[in-house]
Amino acid sequence: MKKQLAVGILSVSLGLFPFQPLQAAWDTPTIAAISDGLDAFWGGVLRRVGIRYSYPVVYSHDNVESTPCGPSTLAHYCSGSNTIHLNMAQLDRLVHHIGDSAGYFALAHEYGHSVQRHLGLLDKNLPIVVLELQADCLAGAFFAASDQIGILEPGDLKEGAITAMMTGDYDYEHTNHHGTPQQRGRAFLNGFNDPQSCFK
Ligand SMILES: [Zn+2]
């Protein structure tokens, strides 16, 4: 995904001329830029329904298995502190195998949980799998917005879908079941094709 996402979203909302594309990367400045883009995108969406978005703080850890709110193998959202924790050792490995948007899918998924928190959905005792699939859908909605402003590169959508599928499981009985690979891949693509469907 291209770095100037935040700039892109801002320039579109301000009606400015599109920016010059840069090369894709999975590095600290680009992750920060995509985080800014996620802030801007969800800030705008929530503003339209009268909610002020408190941007989550994103922490990159060299390799953490635990966060303030529990274990994390890849990425984790802590609702109490509204923080996102990225396990860079794991994410770097995933990005190496799949591509940069594997990491951006994970980041966008965690942002999805922060959006759920703002909508009060985390207090409703919904099954984990429902929340997880919605977070995948919301990640897809963000990829769609990225596509609209021309910063999605060839392969990014596929990389996101592959990552969604790879992080699925068949652990139906487990309370932490996140959805099957098929369900997760579909939820992400549904969000991309029809962002409104994430809230139905
Ligand atoms: Zn999740």
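Please read these numbers as outputs of a predicted model, since none were measured by experiment.

Let's talk about the coordination of the zinc ion
Logical step 1: Protein ligation of the zinc ion involves His109 (NE2), His113 (NE2) and Glu132 (OE), the donor distances falling in the range 2.0 to 2.1 Å.
Logical step 2: Site description for the zinc ion: donor spacing in sequence, H-x3-H-x18-E. Of the two residues, His109 and His113 are both situated in helix α4 (residues 100–118); the distance of four residues between them amounts to about one turn of the helix.
Logical step 3: Classification of His113 by relative accessible area gives buried; the value is 8%.

Thoughts on α4
Logical step 1: Between the first and last C-alpha of α4 there are 28 Å, a value that for 19 residues agrees with the 27 Å anticipated at 1.5 Å per step.
Logical step 2: Most of α4 sits out of view: 18 of its 19 residues are buried.
Logical step 3: Residue Gly120 follows α4 closely and has a positive phi angle near 80 degrees.

With respect to the sheet that holds strand β1 (residues 57–61)
Logical step 1: Ordered by their spatial adjacency, three strands build an open sheet running β1-β5-β4, and the pairing between neighbours is mixed. Each edge of the sheet is formed by a strand with only one pairing partner; in this case those strands are β1 and β4 (75–78). Strand-to-strand twist in this sheet, taken as the mean axis angle between neighbours without regard to direction, amounts to 20 degrees.
Logical step 2: Pairing geometry for β1 and strand β5 (residues 83–87), over five bridges, is parallel. Among the inter-strand pairings, Tyr59 is bridged to a residue of β5, identified as His85.
Logical step 3: α4 rests against β1, β4 and β5 of the sheet, and its axis sits at about 15 degrees to β4.

Quick look at the pairing of β5
Logical step 1: By the criterion of burial, β5 is predominantly enclosed, with five of the five residues buried.
Logical step 2: Of the two faces of β5, the one carrying Thr83, His85 and Asn87 and the one carrying Ile84 and Leu86 are both buried.
Logical step 3: Pairing between β4 and β5: four bridges, direction antiparallel. Counted as the bridge partner of Cys78 is Thr83 from β5.
Logical step 4: Here β4 folds back onto β5, and the loop between the two strands holds four residues, one of which, Asn82, carries a positive phi near 50 degrees.

Re the pattern of salt bridges
Logical step 1: Within this structure, the stated rule accounts for two salt bridges.
Logical step 2: In this structure, Asp136 engages Arg184 in a salt bridge whose closest nitrogen and oxygen atoms are separated by 2.7 Å. Linking Asp136 in helix α5 (residues 128–148) with Arg184 in helix α7 (residues 181–193), this pair joins segments that are 48 residues apart in sequence.
Logical step 3: Given the relative accessible area of 0%, Asp136 is considered buried.
Logical step 4: With relative accessibility at 3%, the residue Arg184 sits in the buried group.
Logical step 5: The partner of Asp194 in a salt bridge is Lys200, and the shortest N-O contact between them spans 3.9 Å.

Remarks on unusual backbone geometry
Logical step 1: One non-glycine residue, Asn82, lies in positive phi territory at about 50 degrees.
Logical step 2: Inspection of the secondary structure puts Asn82 in the loop between β4 and β5.
Logical step 3: Exposure remark for Asn82: the relative accessible area of 7% places this residue in the buried category.

What counts as what
- Numbers given to residues run from 1 along each chain, matching the order in which its sequence is written.
- Per-residue local features of the predicted model are confined to residues with pLDDT of at least 70, and side-chain atom pairs are confined, for both listing and counting, to 80 or more; whole-chain, interface and lining totals are unaffected and use all residues.
- Note that the side-chain values use all heavy atoms of the structure and ignore hydrogens as well as water.
- Distances decide who is a donor: an N, O or S atom must be within 2.8 Å of the metal, or within 3.2 Å for Na, K and Ca. Water is not included, so sites may look incomplete.
- Only runs of H or I of at least four residues qualify as helices and only runs of E of at least two qualify as strands under DSSP, and these elements are numbered from the N terminus.
- Think of it in three bands: residues with accessible area under 20% of the maximum for their type are buried, residues over 50% are exposed, and the middle band is partly exposed, with areas taken using a 1.4 Å probe on protein chains only.
- Here the expected length of a helix is defined as 1.5 Å per residue gap, with one fewer gap than residues.
- Paired strands, in this sense, are two strands between which DSSP finds at least two bridges.
- The axes are straight lines fitted to the C-alpha atoms, using for helices just the contacting stretch, and the angles between their N-to-C directions are given from 0 to 180°.
- When checking whether two residues touch, look at their non-hydrogen atoms; a contact exists if any pair is within 4.5 Å.
- Salt bridges are identified by distance alone: a Lys or Arg side-chain nitrogen within 4 Å of an Asp or Glu carboxyl oxygen.

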